[in-house]
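Below are the chains, spelled out letter by letter.
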Amino acid sequence: MFKTKVTELLETALLERSDLFLIDFSINSENHIKVIIDGDQGVLVEDCMFISRAIEHNLDREEEDFSLEVMSAGAGAAFSHKRQYKKNLKRTLQVRTSTEELEGALTGVTDENITLEWKVREPKPVGKGKVTVKKEAVIPFQDIVEAKVMIKF
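## Considering the overall build of the protein chain
The helix and strand inventory of the protein chain stands at three helices and eight strands. When its helices and strands are written in sequence order, the protein chain yields α-β-β-α-β-α-β-β-β-β-β. A compact globule built from 153 residues would reach a C-alpha radius of gyration of about 15 Å, whereas the protein chain, at 21 Å, exceeds it by more than 25%. C-alpha extents for the protein chain along the principal axes are approximately 80 × 30 × 30 Å. Taking all 153 residues of the protein chain together, the buried fraction comes to 31%.

## Observations concerning the pairing of strand E3 (residues 67-72)
Sheet topology places strand E2 (residues 32-39) next to E3; six bridges connect them, and they run parallel. For Ile-33, the partnering residue across the bridge sits in E3 and is Leu-68.

## As for the packing of helix H1 (residues 2-16) against helix H2 (residues 45-56)
Contact geometry of H1 with H2 gives a least axis separation of 9 Å together with a crossing angle of 140 degrees. Judged on the interaxial angle alone, H2 and H1 are oblique. Seen along the crossing, H1 lies across H2 with a hand that is right-handed. Residues Val-6, Leu-9, Leu-10, Ala-13, Leu-14 and Glu-16 of H1 pack against Phe-50, Ile-51, Ala-54 and Ile-55 of H2. Here the residues of the contact of H1 with H2 are counted per class, giving nine nonpolar, no polar and one charged.

## Here we look at the pairing of strand E7 (residues 130-140)
Direction of pairing for strand E6 (residues 113-123) relative to E7: antiparallel, over a ladder of 11 bridges. From the neighbouring strand, Ile-114 faces E7, where its bridge partner is Ile-139. The loop that links E6 with its antiparallel partner E7 comprises six residues; one of these, Gly-127, has a positive phi angle of about 90 degrees.

## Considering the packing of aromatic side chains
One pass over the full model with this rule turns up three aromatic pairs. With a centroid separation of 6.0 Å and 40 degrees between ring planes, the pair formed by Phe-2 and Phe-66 is classed as tilted. Of this pair, Phe-2 sits in helix H1 while Phe-66 sits in the loop between H2 and E3; the two residues are 64 residues apart in sequence, bridging distant segments of the chain. Grouping residues by exposure puts Phe-2 and Phe-66 together as buried. Relative to Tyr-85, the ring of Phe-79 has its centre 4.8 Å away and its plane inclined at 85 degrees; by these criteria the two rings are edge-to-face. A single burial state applies to Phe-79 and to Tyr-85, both of which are buried. Here a set of aromatic residues connected by ring pairs shows up, and it is made of Phe-79, Tyr-85 and Phe-141. Between the NZ or CZ atom of Arg-17 and the centre of the ring of Phe-50, over which it lies, the distance is 5.5 Å. The positively charged end of Arg-61 is found above the aromatic ring belonging to Phe-66, 4.0 Å away from the centroid.

How each quantity is defined
- Residues numbered from 1 in each chain as written.
- Predicted model: local features only at pLDDT ≥ 70, side-chain atom pairs only at ≥ 80, totals over all residues.
- Heavy atoms only, no water.
- Helix = DSSP H or I, 4+ residues; strand = E, 2+ residues; numbered from the N terminus.
- Rg over C-alpha atoms; globule rule 2.2 N^0.38 Å.
- Buried < 20%, exposed > 50% of the residue type's maximum accessible area, 1.4 Å probe, protein only.
- Pairing = 2+ DSSP bridges.
- Axes fitted to C-alpha atoms, helices over the stretch in contact; angles between N-to-C directions.
- Parallel < 35°, antiparallel > 145°, perpendicular 65-115°, else oblique.
- Left-handed = near helix turned anticlockwise from the far one by under 90°.
- Contact = heavy atoms within 4.5 Å.
- Nonpolar A, V, L, I, M, F, W, Y, C, P; charged D, E, K, R; others polar.
- Phe/Tyr/Trp six-rings, centres within 6.5 Å; stacked < 30°, edge-to-face > 60°.
- Lys NZ or Arg CZ within 6 Å of the ring centre and 35° of its normal.

Structure (structure tokens):
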């Protein structure tokens, strides 16, 4: 009953704020509610406060004792939603499939796949020395085991 009520409140809040989307949601046996969100334009503290208030202000602590934690997906966290790819266009991703691991700039996102581009130094076809070559890979979503943004300092 409690989980159903919290789920409904969370869904209503996310409908009101269509720029936000759910990454993870759980309630443990001690009624600790944990909500992880992301947004098309990122997540601000105010966004977490909005979700928190939408849940907390509609629950009665006299009926149920609970704790609530609302947070954004971490900067280095693996993607779990297709919308996360679109918001990270042109950023460097590390993508692992069942057969290979690639790192490159995310240059395209469709409903079925992503496109990564990167540069490598390869030997010249004729003569000595190396030449910089631009590579590209189109990776279907179903082949992606894990993908995350590479943070560079």
